[in-house]
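One-letter residues, chain by chain:
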Amino acid sequence: LMSATVAAQFPPAIRDYLVPSGGGFSVFPWGTFLAFGAAAGSAIPRIEETQWNRVMQWTALCGLGMLVTAQYFGSLPYSLYPHPDYWLHSPALTFGKLAVVLLLACVAYLWTTYFSSKARSWVCLLGTHSLAVYWVHVELEYGRWFGNYHERLTAAQCGFWSLVLILAMLAMCRGIELLRKNFQ
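So, a few notes on the structure that sits alongside this text.

**Some thoughts on the overall build of the protein chain**
Turning to step 1, where the next piece is worked out: Summing up its helical and strand segments, the protein chain has 8 helices and 0 strands in all.
Turning to step 2, where the next piece is worked out: For the protein chain, the N- to C-terminal ordering of α and β elements is α-α-α-α-α-α-α-α.
Turning to step 3, where the next piece is worked out: Dimensions along the principal axes, computed over C-alpha positions, put the protein chain at roughly 55 × 40 × 35 Å.
Turning to step 4, where the next piece is worked out: Across the 184 residues in the protein chain, those meeting the buried criterion constitute 17%.

So this is what it looks like as structure tokens:
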């Protein structure tokens, strides 16, 4: 809806910030994840330790339900938008991504609760340094270094480079921990 408003007439620097485009991260729809994250983050301290299994069961059910619902509404042949572009304007895409995040949170909970040893697992390592992981991976994937390259990858190459990126992020997190130990 933002692309159909007066904001489309703003100067490019402001327009790119407010109006969804393929050229960058605009507030809409990416700002919605901040709101969803803040809502979930404010609920976490209120959950007692004995309730986490039940909370994760409901989270998985909500995630699956949102994913199916987003897929259904995203594939409807009509749209409320004058120029529909699923990858830029669709609320179904936002809810589909949120559903995947909820399901990944459940997988991370299962991994750290039932499958990891007493030592720190790779999921905890990535979670502890999530801000650095997010920043560096966005710079690598969408920034000037490899921004043009990633659009020409095949599915197999995408899978390979995703694995390389995950391993690089794990190495970076381990390096951060080693630096922290050396400078304390």
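**Looking at the side chain of Ser121**
Turning to step 1, where the next piece is worked out: Here Ser121 is to be found in the loop between α5 (91-115) and α6 (122-128).
Turning to step 2, where the next piece is worked out: Aside from chain neighbours lying at most four places away, what touches Ser121 is Trp111, Thr112 and Ser116.

**Comments concerning the state of the cysteines**
Turning to step 1, where the next piece is worked out: Applying the stated rule across the entire model yields 0 disulfides.
Turning to step 2, where the next piece is worked out: Looking at Cys106, it has no disulfide partner, and the nearest cysteine sulfur is the one in Cys62, 9.2 Å off.

**So, the packing of aromatic side chains**
We describe a pair of aromatic rings using the distance from one ring centre to the other and the angle between the two ring planes.
Turning to step 1, where the next piece is worked out: Taken as a whole and assessed by the stated rule, the structure comprises 6 aromatic pairs.
Turning to step 2, where the next piece is worked out: Here the aromatic rings of Trp111 and Phe115 are separated by 6.4 Å at their centres, their planes lie at 45 degrees, and the arrangement is tilted. Of this pair, Trp111 and Phe115 both sit in helix α5, 4 residues apart, roughly one helical turn.
Turning to step 3, where the next piece is worked out: Owing to a relative accessible area of 30%, Trp111 belongs among the partly exposed residues under this scheme.
Turning to step 4, where the next piece is worked out: On the accessibility criterion, Phe115 (58% relative accessible area) is exposed.
Turning to step 5, where the next piece is worked out: For the pair Phe160 and Trp161, a centre-to-centre distance of 5.0 Å together with 75 degrees between the ring planes defines the contact as edge-to-face.
Turning to step 6, where the next piece is worked out: Residue classification places Phe160 among the partly exposed positions, given a relative accessible area of 48%.
Turning to step 7, where the next piece is worked out: Taking relative accessible area as the criterion, Trp161 reaches 40% and is therefore assigned partly exposed.
Turning to step 8, where the next piece is worked out: Chaining the aromatic ring pairs together yields one cluster made of Trp111, Phe115 and Trp122.

**Digging into the packing of helix α2 (residues 27-43) against α5**
Turning to step 1, where the next piece is worked out: With their axes 10 Å apart at the nearest point, α2 and α5 run at an angle of 40 degrees to one another. Judged on the interaxial angle alone, α5 and α2 are oblique. Crossing angle aside, the handedness with which α2 passes α5 is right-handed. In contact with Pro29, Trp30, Thr32, Phe33 and Phe36 of α2, α5 contributes Thr94, Phe95, Lys97 and Leu98.
Turning to step 2, where the next piece is worked out: Here the residues of the contact of α2 with α5 are counted per class, giving 6 nonpolar, 2 polar and 1 charged.

**Side note on the side chain of Glu177**
Turning to step 1, where the next piece is worked out: Turning to its location among the elements, Glu177 is positioned in helix α8 (residues 155-182).
Turning to step 2, where the next piece is worked out: Judged by its relative accessible area of 15%, Glu177 falls in the buried class.
Turning to step 3, where the next piece is worked out: Dropping the residues within four chain positions of it, Glu177 is found in contact with Arg120, Leu125 and His129.

**Focus on a nonpolar patch on the surface**
Turning to step 1, where the next piece is worked out: Among the surface-exposed residues, Trp145, Phe146, Tyr149, Phe160, Trp161 and Val164 lie close enough to one another that they form a single nonpolar patch of about 680 Å² accessible area.
Turning to step 2, where the next piece is worked out: Inspection of the secondary structure assignment puts Trp145 in the loop between α7 (130-142) and α8.
Turning to step 3, where the next piece is worked out: Classification of Trp145 as exposed rests on a relative accessible area of 68%.

**A look at the nonpolar core**
Turning to step 1, where the next piece is worked out: Counting 6 residues, the largest nonpolar core is built from Leu125, Val133, Leu140, Met169, Leu170 and Cys173.
Turning to step 2, where the next piece is worked out: Secondary structure elements with two or more residues in this core: α7 and α8.
Turning to step 3, where the next piece is worked out: A per-element tally of this core places α8 first, with 3 residues.
Turning to step 4, where the next piece is worked out: In this structure, Cys173 is in contact with Leu125, Leu126, His129 and Val133, ignoring residues within four places of it in sequence.

Each value, and the rule that gives it
- Residues numbered from 1 in each chain as written.
- Predicted model: local features only at pLDDT ≥ 70, side-chain atom pairs only at ≥ 80, totals over all residues.
- Heavy atoms only, no water.
- Helix = DSSP H or I, 4+ residues; strand = E, 2+ residues; numbered from the N terminus.
- Buried < 20%, exposed > 50% of the residue type's maximum accessible area, 1.4 Å probe, protein only.
- Contact = heavy atoms within 4.5 Å.
- Disulfide = S-S within 2.5 Å.
- Phe/Tyr/Trp six-rings, centres within 6.5 Å; stacked < 30°, edge-to-face > 60°.
- Axes fitted to C-alpha atoms, helices over the stretch in contact; angles between N-to-C directions.
- Parallel < 35°, antiparallel > 145°, perpendicular 65-115°, else oblique.
- Left-handed = near helix turned anticlockwise from the far one by under 90°.
- Nonpolar A, V, L, I, M, F, W, Y, C, P; charged D, E, K, R; others polar.
- Patch = residues over 30% accessible without salt bridge, like charges linked within 9 Å, V, L, I, M, F, W, Y side chains within 5 Å.
- Areas by Shrake-Rupley, 256 points an atom, 1.4 Å probe, with all protein chains shown as cover.
- Salt bridge = Lys/Arg side-chain N within 4 Å of Asp/Glu carboxyl O.
- Core = buried A, V, L, I, M, F, W, Y, C linked by side-chain atoms within 4.5 Å.

Keep in mind that these numbers describe shape and distance, not what the molecule does.
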